[in-house]
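Per-entry structural report
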Amino acid sequence: MSRKIFNTINAISFNHNGSMVALCAGTEEIFVYATNGSKDTAKWDKKYKLKEHTQKATVIDWNPVTNLILSGSYDRSIFVWKFSEEHDKFLPVFVNMDEKLSILDLKWNKQGTKFVVGTSSKKLYLGYYDEKHSWWSTAEIKKQHKSSVISVEFSPNGRVIASASFDGTTSLWVNSGGEFECVSTLEGHENEVKSVAWSQDGKHLATCSRDKNIWIWETNDSFEYECLSVLSGHTQDVKMVKWNSRLNMLFSCSYDDTVKAWGYDEALDDWVCSYTLEGHGSTVWGLDFDADEQHLVSVGDDRRLVLWEVGPTNCHHKGALEGLHSRCIYSCSWSKTSGLIATGGGDNCVRLVDASDIASPKACGEQVGSHSNDVNCVAFHPSSDIVAS
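This report concerns the structure included in the present document. Treat the numbers as computed from the prediction; the structure is a model and nothing was measured.

1. A short note on the sheet that holds strand β4 (residues 45-51)
Two pairing modes exist for strands in a sheet, parallel and antiparallel, and in both the strands are linked by backbone hydrogen bonds. Pairing is antiparallel in the open sheet, where 4 strands are placed in the order β1-β2-β3-β4. Of all the strands in the sheet, the pair left with one neighbour each is β1 (11-14) and β4. Averaged over all pairs of adjacent strands, the angle between strand axes in this sheet comes to 20°, irrespective of strand direction. When β1 meets strand β2 (residues 20-24), the two strands line up antiparallel, connected through 4 bridges.

See below:
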């Protein structure tokens with residue numbers, strides 16, 4: 001039987017194989033647990049306590065290549081933690097950065113050689129290892145957003161950083177001579193950018209906003225971004241966008257109770273709505289694909305989980321599960337290894353669904369009372385059956 005580790009968990013990050021997990025638990029301390037190959041938290045063992053921040057640790061990222069942990073805090077500090085075999089613990093290295101407001105987000109690049117930081121002061125920083133002085137340092141990426149930077153994402157190849165802001169813009173940054181240079185600021189949304197999604201090849205970027213629109217952008221080898229299309233089919237806020245690499249299509253979910261599939265029409269030379277998935281009676285909060293991207297799961301405010309078979313020109317409703325949660329379902333994640341689906345809801349619960357029979361999905365597990373409030377996000381580890389909530 002699983003146990004409740006902490007009352008509050010505001011950040012979580014796994015190591016490369018899911019054998020260890022780092023947690024920010026609403027205090028200045030960071031805790032590292034050994035999962036012992038189990039998704040049952042009752043079998044997890046507390047291994048290490050990382051204590052160097054003086055205020056609540058809020059963000060954390062564990063790089064799978066270097067095994068370095070990156071942490072940020074309300075105290076405006078960042079630390080890089082390196083494991084010492086000799087001392088059997090993680091040792092902190094202070095990151096040299098002059099910032100006066102809170103750290104909102106930070107991410108390693110894939111190689112673990114650089115990281116990017118977003119802050120409440122509207123500034124972006126690039127972190128790097130200073131060989132000359134043998135320490136980690138940061139350089140401010142000079143051009144600023146006009147409001148808080150709420151999300152930062154590296155492109156699939158790690159060469160470009162996308163930063164999304166409440167000011168309605170998304171900025172793109174490219175490494176040039178050791179420093180990241182803003183090559184483009186994507187403008188056009190009338191309200192905050194809610195979600196950004198890179199295509200698998202990194203050649204396209206989709207952004208969506210409270211203004212009900214989706215913008216698709218294309219880049220070339222000169223990193224010049226061009227708007228290919230503005231998609232305005234939704235009638236309410238667009239919650240999130242997600243690419244399907246098998247179909248080379250974009251899927252979006254919205255407060256208008258629908259999921260839409262968008263594809264490129266060669267005859268029109270434009271992106272168009274290929275079809276609309278109507279199976280919810282209220283806001284659709286989340287969506288995800290199975291491992292081969294042939295099926296899609298959507299969840300919503302109506303407490304329904306709906307399964308679809310998706311193709312280039314149409315979709316088929318395959319199955320549904322009613323009343324999985326007692327309140328709205330905010331998030332879903334489809335395991336790429338076991339095929340299980342995890343959901344998080346407004347009833348403070350995490351539940352598991354067996355979708356091996358796509359026409360008759362069945363609830364197969366639950367974690368009741370793990371959280372003391374809404375479960376806003378669930379995510380399976382990419383190569384194991386551990387799910388974070």
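So that's the structure; there's more coming.
2. Some remarks on the pattern of salt bridges
Applying the stated criterion to the full structure yields 9 salt bridges. Linked through salt bridges whose partners overlap, the residues forming this network are E29, K49 and K51.

3. Quick notes on the environment of V93
When you line up the elements, V93 lands in strand β8 (residues 89-96). A sequence separation of 11 residues divides V93 from K82, and the C-alpha atoms of the two residues are 7.8 Å apart. Leave out the neighbours within four places in its chain, and V93 touches I78, F79, V80 and W136.

4. Regarding the pairing of strand β6 (residues 69-73)
For β6, the tally of buried residues reaches 5 of 5 residues, placing the bulk of the element in the interior. Because side chains alternate across β6, one face comprises the buried residues I69, S71 and S73, and the other comprises L70 and G72, equally buried. Here 5 bridges tie strand β5 (residues 57-62) to β6, and the two strands are oriented antiparallel to one another. Its bridge partner lying in β6, W62 is registered against I69.

5. Focus on the sheet that holds strand β29 (residues 329-334)
Ordered in space as β29-β30-β31-β32, the 4 strands form an open sheet in which the pairing is antiparallel. Taken across any chain shown, the strands that pair with only one partner, and hence form the sheet edges, are β29 and β32 (362-367). Strand-to-strand twist across the sheet, computed as the mean angle between neighbouring axes with direction ignored, equals 25°. The sheet contact formed by β29 and strand β30 (residues 340-345) spans 5 bridges and is antiparallel. In the strand pairing of β30, W334 is matched with I341.

Conventions used here
Residues numbered from 1 in each chain as written. Predicted model: local features only at pLDDT ≥ 70, side-chain atom pairs only at ≥ 80, totals over all residues. Heavy atoms only, no water. Pairing = 2+ DSSP bridges. Helix = DSSP H or I, 4+ residues; strand = E, 2+ residues; numbered from the N terminus. Axes fitted to C-alpha atoms, helices over the stretch in contact; angles between N-to-C directions. Salt bridge = Lys/Arg side-chain N within 4 Å of Asp/Glu carboxyl O. Contact = heavy atoms within 4.5 Å. Buried < 20%, exposed > 50% of the residue type's maximum accessible area, 1.4 Å probe, protein only.

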